[in-house]
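Coordinates in review
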Amino acid sequence: MPVTVESLSEEDIPGAIDAIQNAFADDPYSNWVYGKNRTKSDLDRNRVSLGIRCQWGIRNALFFVAKDTDSEAKDKVLGIAMWMPPRPVELKESWGEWWEGWRLWIQQVGMNMWYGRGGLNVKRYYIWKKKQAEAQAEIWDDPRGYYFLNIMVVIPGQQGKGIGKTLAEKITKQADQEGKKCYLESSRDVPNIKIYESMGFHFVKQMDCDDDEDVCKLYCMVREPRKAP
């Protein structure tokens, strides 16, 4: 199956949201922070939230979709990957970045006022954010910054066909050329660690998000740049 990887467009956003919701339907982190029994209204609210973040990603991130353009459903999104570009330590926040952060916050607040929290456990969300900040402060030792694979999913039924690797290579090849490292946090050890190892990542740290002994484990991985043969 020939797979085409291209930048996310506004037209791709509904398919990208479907892919994310389907892939994370029984995800350990999602179950921990949202609960396992999400209602239709919770999922509707989640679609709005993901839509806002997809639009933000188009403007601020490296956001890609994979499609089988030879199929009858040639516009169907098979998988997505969103990377945050590396940020040098000494680089100060620009006015544009400041505005984008506030713009996202304002949109999220408006959504919460209209739809509610959608089942989000706010306490657990901030436990995760604190642990994530601690892990990145410990692991990120390159002052030039890291390509951060914030999210990558392939829809059920299309997994195991190399789509994830094709998505990842859009940036890993660029990182190799620039001599920069990549980073990700996986919510599953099996089979994800083996899959990411095949892309050049290696495990560096387990992140334990503990809420009264109910622990969500995340797996931090780093990829060193590869030299051209």
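Residues numbered from 1 in each chain as written. Predicted model: local features only at pLDDT ≥ 70, side-chain atom pairs only at ≥ 80, totals over all residues. Heavy atoms only, no water.

What to know about the overall build of the protein
Secondary structure summary: the protein contains seven helices and seven strands in total. Against the compact-globule benchmark of 17 Å for 229 residues, the protein has a radius of gyration of 18 Å, which places it among compact chains. Along the longest, intermediate and shortest principal axes, the C-alpha atoms of the protein span 55 × 45 × 40 Å. When the 229 residues of the protein are sorted by exposure, 42% land in the buried category. Accessible surface computed for the protein: about 13,000 Å², of which carbon and sulfur atoms make up 53%. A gap of 1 Å separates the mean positions of the 33 positive and 34 negative side-chain charges of the protein. (Helix = DSSP H or I, 4+ residues; strand = E, 2+ residues; numbered from the N terminus. Rg over C-alpha atoms; globule rule 2.2 N^0.38 Å. Buried < 20%, exposed > 50% of the residue type's maximum accessible area, 1.4 Å probe, protein only. Areas by Shrake-Rupley, 256 points an atom, 1.4 Å probe, with all protein chains shown as cover. Lys, Arg positive; Asp, Glu negative; His and termini not counted. Charge placed at Lys NZ, Arg CZ, Asp CG, Glu CD.)

A word on the sheet that holds strand β4 (residues 146–154)
In space, the seven strands of this open sheet follow the order β1-β2-β3-β4-β5-β7-β6, with mixed pairing throughout. For this open sheet the edge positions go to β1 (4–7) and β6 (201–211), each flanked by a neighbour on one side alone. Strand-to-strand twist of the sheet, defined as the mean angle between neighbouring strand axes without regard to direction, takes the value 25°. When β4 meets strand β5 (residues 181–186), the two strands line up parallel, connected through four bridges. From the neighbouring strand, Leu149 faces β5, where its bridge partner is Leu184. The strands that helix α5 (residues 122–139) touches are β4, β5, β6 and β7 (214–223); relative to β6, the one it contacts most, it runs at about 145°. (Pairing = 2+ DSSP bridges. Axes fitted to C-alpha atoms, helices over the stretch in contact; angles between N-to-C directions. Contact = heavy atoms within 4.5 Å.)

Digging into the nonpolar core
With 44 residues, the main nonpolar core has Ile80, Trp83, Met152, Leu167, Tyr196 and Phe201 as its most contacted residues. Residues contacting Leu167, with those up to four places away along its chain left out, are Val5, Phe64, Val65, Ala66, Gly79, Ile80, Ala81, Trp83, Met152 and Val153. Judged by nonpolar contacts, the second largest core, of 17 residues, contains Tyr29, Val33, Leu120 and Phe148. (Core = buried A, V, L, I, M, F, W, Y, C linked by side-chain atoms within 4.5 Å.)

A look at the confidence of the model for the protein
Per-residue confidence for the protein gives a mean pLDDT of 93, with 97% of residues at or over 70. Least confident of the elements in the protein is helix α3 (residues 40–60), whose mean pLDDT is 92; most confident is β5, at 98. (pLDDT = per-residue confidence, 0-100.)

Let's talk about a nonpolar patch on the surface
Among the surface-exposed residues, Trp95, Trp98, Trp99, Trp102, Trp105 and Ile106 lie close enough to one another that they form a single nonpolar patch of about 770 Å² accessible area. Within the element layout of this structure, Trp105 appears in helix α4 (residues 95–115). (Patch = residues over 30% accessible without salt bridge, like charges linked within 9 Å, V, L, I, M, F, W, Y side chains within 5 Å. Salt bridge = Lys/Arg side-chain N within 4 Å of Asp/Glu carboxyl O.)

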